[in-house]
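# A closer look at the structure
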Amino acid sequence: MTLTPEQKDIIDKYVKKPEWRVAGKRADFNAIGERFGVSPVVARVITNRGVTGEKAIAMYLDGDWDSMHDPALMKDMVEAGEIIKEKLSDNRRIRIISDYDVDGVTSNYILLLGLRRTWAALHGSCADDCTVVDYDIPHRVHDGYGINKRLIDAAIADGVDTIITCDNGIAAIEQVRYAKERGLTVIVTDHHQIPFEESDGGERVYMLPQADAVIDNQRQDCEYPFKGLCGAGVAFKLIQYMYRICGIAESEVNEFMEILGLATNCDMMDLVDENRIYVKYALESLKDSRNPGLNALMRLSGRNEKKISTYDLGFLIGPCINAAGRLGDAKQSLEFLLERDPNVAEARARELLAVNNERKNMTEAGARHITDMLETATVNGEFGQAATLADKVLVVYIPAVHESVVGIIASRLKEAYTRPAMVFTDAETPGILKGSGRSIDSYNMFEELNRFREMFTAFGGHAMAAGFSIEKERLDELRRKLNEAAVLTDEDITPKLMIDVAMPLAYNSIELTEQIERLEPYGKGNRKPLFAQAAVPVRRAQILGRNKNLLKLQLDTGYGRCVDAIDFDPDTFVNNIKQWFGEDECVKMLNGQPNAVVIDVAYYPTINEYMGRRSLQMKMEAYNKGI
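Residues numbered from 1 in each chain as written. Predicted model: local features only at pLDDT ≥ 70, side-chain atom pairs only at ≥ 80, totals over all residues. Heavy atoms only, no water.

With that settled, consider the overall build of the protein. Looking only at helices and strands, the protein has 21 helices and 20 strands in total. Taking 25 Å as the expected radius of gyration for a compact globule of 627 residues, we find that the protein reaches 26 Å, a close match to that expectation. Projected onto its principal axes, the C-alpha positions of the protein cover 80 × 55 × 55 Å. Within the span of the protein, comprising 627 residues, buried residues form 53% of the whole. In the protein, of all internal contacts separated by at least 6 residues, the share reaching a separation of at least 24 is 68%. Side-chain charges in the protein split into 76 positive and 95 negative, and the spacing between the mean points of these groups amounts to 4 Å. (Helix = DSSP H or I, 4+ residues; strand = E, 2+ residues; numbered from the N terminus. Rg over C-alpha atoms; globule rule 2.2 N^0.38 Å. Buried < 20%, exposed > 50% of the residue type's maximum accessible area, 1.4 Å probe, protein only. Contact = heavy atoms within 4.5 Å. Lys, Arg positive; Asp, Glu negative; His and termini not counted. Charge placed at Lys NZ, Arg CZ, Asp CG, Glu CD.)

Once that is clear, we can look at the pattern of salt bridges. Here the structure, examined in full by the defined rule, presents 47 salt bridges. Of the charged contacts, one joins K237 and E274 as a salt bridge, the two residues approaching to 2.8 Å between their closest N and O atoms. Here K237 is found in helix α9 (residues 231-245), whereas its partner E274 is found in helix α11 (residues 274-285), with 37 residues between them in sequence. Each member of the pair, K237 together with E274, is buried. Put simply, R412 and E364 hold a salt bridge, and the shortest N to O gap is 2.8 Å. Pair noted here: R412 is in helix α16 (residues 406-417) and E364 is in helix α15 (residues 342-380), with a separation of 48 residues, a long-range link. Salt bridges sharing common partners tie together E19, R21, E491 and K496. (Salt bridge = Lys/Arg side-chain N within 4 Å of Asp/Glu carboxyl O.)

Considered for burial, the residues of helix α12 (residues 292-300) that qualify are G293, L294, N295, A296, L297 and M298. Capping the start of α12, N291 holds a side-chain oxygen 3.0 Å from the backbone nitrogen of G293, two or three residues further along. Among the residues trailing α12, G302 stands out with phi positive, at a value near 75°. (Polar contact = N/O pair within 3.5 Å; in protein donor to acceptor, adjacent residues only side chain to side chain.)

How two aromatic rings sit relative to each other is set out by the distance from centre to centre and by the angle between their planes. On inspection of all chains with the given rule, the structure shows 13 aromatic pairs. Residues Y109 and F256 carry aromatic rings whose centres are separated by 6.3 Å and whose planes lie at 90° to one another, so their mutual orientation is edge-to-face. Here F256 lies in the loop between α9 and α10 (257-266) and Y109 lies in helix α6 (residues 102-123), a separation of 147 residues in the sequence. The exposure classification of Y109 matches that of F256, with both residues buried. Aromatic pair F456 and F459: ring centres 5.5 Å apart, planes at 20°, arrangement stacked. (Phe/Tyr/Trp six-rings, centres within 6.5 Å; stacked < 30°, edge-to-face > 60°.)

Overall, parallel pairing links the five strands, which are arranged β3-β2-β4-β5-β8 in an open sheet. Each edge of the open sheet is held by one strand with a lone partner, namely β3 (133-136) and β8 (213-216). Pairwise comparison of adjacent strand axes, ignoring direction, gives a mean angle of 20° for this sheet. Lying over the sheet, helix α5 (residues 77-89) contacts β2 (94-98), β3, β4 (162-166), β5 (185-190) and β8, oriented at roughly 130° with respect to β5. (Pairing = 2+ DSSP bridges. Axes fitted to C-alpha atoms, helices over the stretch in contact; angles between N-to-C directions.)

Turning next to the sheet that holds strand β12 (residues 456-462). One open sheet holds the five strands; their spatial order is β9-β10-β11-β13-β12, and the pairing between them is mixed. Two strands bound the open sheet, and with one partner strand each, they are β9 (394-397) and β12. Adjacent strand axes in the sheet meet at a mean angle of 15° when their direction is disregarded. Sheet analysis places strand β11 (residues 432-438) next to strand β13 (residues 465-471), joined by seven bridges and oriented antiparallel. The residue of β13 that forms the bridge with R438 is A465. Against the sheet, α16 makes contact with β9, β10 (421-426) and β11, and its axis sits at roughly 45° relative to β11, the strand it touches most. Helix α18 (residues 475-485) contacts β9, β10, β11, β12 and β13 of the sheet and is inclined by roughly 170° relative to β9.

So, on to the nonpolar core. If you look at the biggest cluster of nonpolar residues, it comprises 74 residues, and the most contacted ones within it are I84, I110, L115, V133 and I317. In this structure, F29, I32, F36 and V42 belong to the second largest nonpolar core, which totals 44 residues. (Core = buried A, V, L, I, M, F, W, Y, C linked by side-chain atoms within 4.5 Å.)

Position of D571 relative to the elements: it lies in helix α20 (residues 570-581). It is 9.1 Å that separates the C-alpha atoms of D571 and K548, two residues lying 23 residues apart in sequence.

What follows concerns the pairing of β5. Where burial is concerned, most of β5 is hidden: six out of the six residues are buried. Here β4 runs beside β5; their pairing, made up of five bridges, is parallel. Within β5, the residue paired with I164 across the bridge is I187. Running through helix α8 (residues 173-181), the crossover from β4 to the neighbouring parallel element β5 is right-handed. Sheet topology places β5 next to β8; four bridges connect them, and they run parallel. What sits directly across from T189, in β8, is I215. (Right-handed = clockwise from strand over helix to strand, strands pointing away.)

Spelled out as structure tokens, the structure:
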């Protein structure tokens, strides 16, 4: 859509441009560097991540199995272990009920195989012979999020004795009560925040489901020292504890680390503490996975035997596993992970790739449509029950989008406009909207929505994401109330480009870059290190690649040498240079002739390997006109 000058002016008013800031945390970087054998530059980056103290730094750099926390520290872990052991010993039927996203499916996988292994140890049998542990997953469209009455009734009809939830259940007060009234044993494992009500005096009264055991590291009375586990992480800890009390070597739980690392990354958990260990393991293991389905998925995507990154987890594998739950039945994804026949696994992988491609097309169309509508609504204010860019909290209704992709679109809006975004669409039930939200660091979405929980027909989540349902006629009221209550400032919704060190390009070396690579994996809570230098002359710019989508620059280090830098948006760069320095200077730059082009550059150093030679190459993350 082509915007009018008036529209562009208003968008410029409401959509903030990134501010470059240099992190200013202080410490004795030389001492840290000497203690851990790294450059003071690397020590500064570690400090900027909030990692302080010898124990924390050691875990950050070299965390392993011995660094992980004791699962018995989780509230109700011991009680849950005793109940499950007794049920398995007596051959009582156990059903695992998870969420339908990656975290839910992988949580189910870990509990299913882990409890079958536990049953086998207790009975001196083979895990494949276990018939007392099975699973169920709600259907996104027909059931909605989490455990519900239909799933409970189905379990009772099948003779199930015990239900174990994973990645859901902490907000299922009524559902757990119903299950208990029907005589079921219920164990909740979850990682979402605990629902609460505020008393007249402003005190929070937390509400837990009355299950036989509630394992959630977010509980205020839980002494587990790390609060950042995903649902699969809590499931992993439960299986680790079950192995301990049932005579199985705890190290056997490592077989689930690959799956856990995938879930941790895809559920956007902070890559700190134990989570770094899980994701590191997954990145290494997935190059040649022992799971036939994952191995096939990596091979079909051309990623096997290559260096795997968190991008691959979050944008390749995770979306494929998510896609079945978004557009169909999440059981398809769980069966894909459980499949042992390589040929069948490959066929299932192809199916998931096809479903994910369909999901991507739907997401792109929905995101484009809603972005156009938002930016138009900024001017004419005619978007019905939806946001305008004047809002600090975006509450958007779009009937034309499939409910399975609203979370992805909300994430796109959050990134584009740096403010909390909630996207709603029509549910199957007439008059009901279903939605999903994504938030920014300065806005705890769970707590803000919890203030108006009576407006929702269903609601749950955590600080950075939530899912919900609401009566259609109340949506505009919700938008108004959330924006009236929001205390977000312009500072909060201004994107920040955080520079770790203002470091000359000439300071970089292969040795330093190798040290920086020790800080991987990067992701939420552990962003990629970023460095910057002002007033860098551009000696040459080349547009390369079959699709002309690669920009290669030669940047003058100031010492008679140049270093290569790359960027993946050549058109924007060339247009900016023309605007800043004029057409003639841009042409000179593209021809490698002396020119006046000077930029401030934010970069990340990498090592380029080509035909056995290794050389430094900077990835240009951002740039401005230099002086």
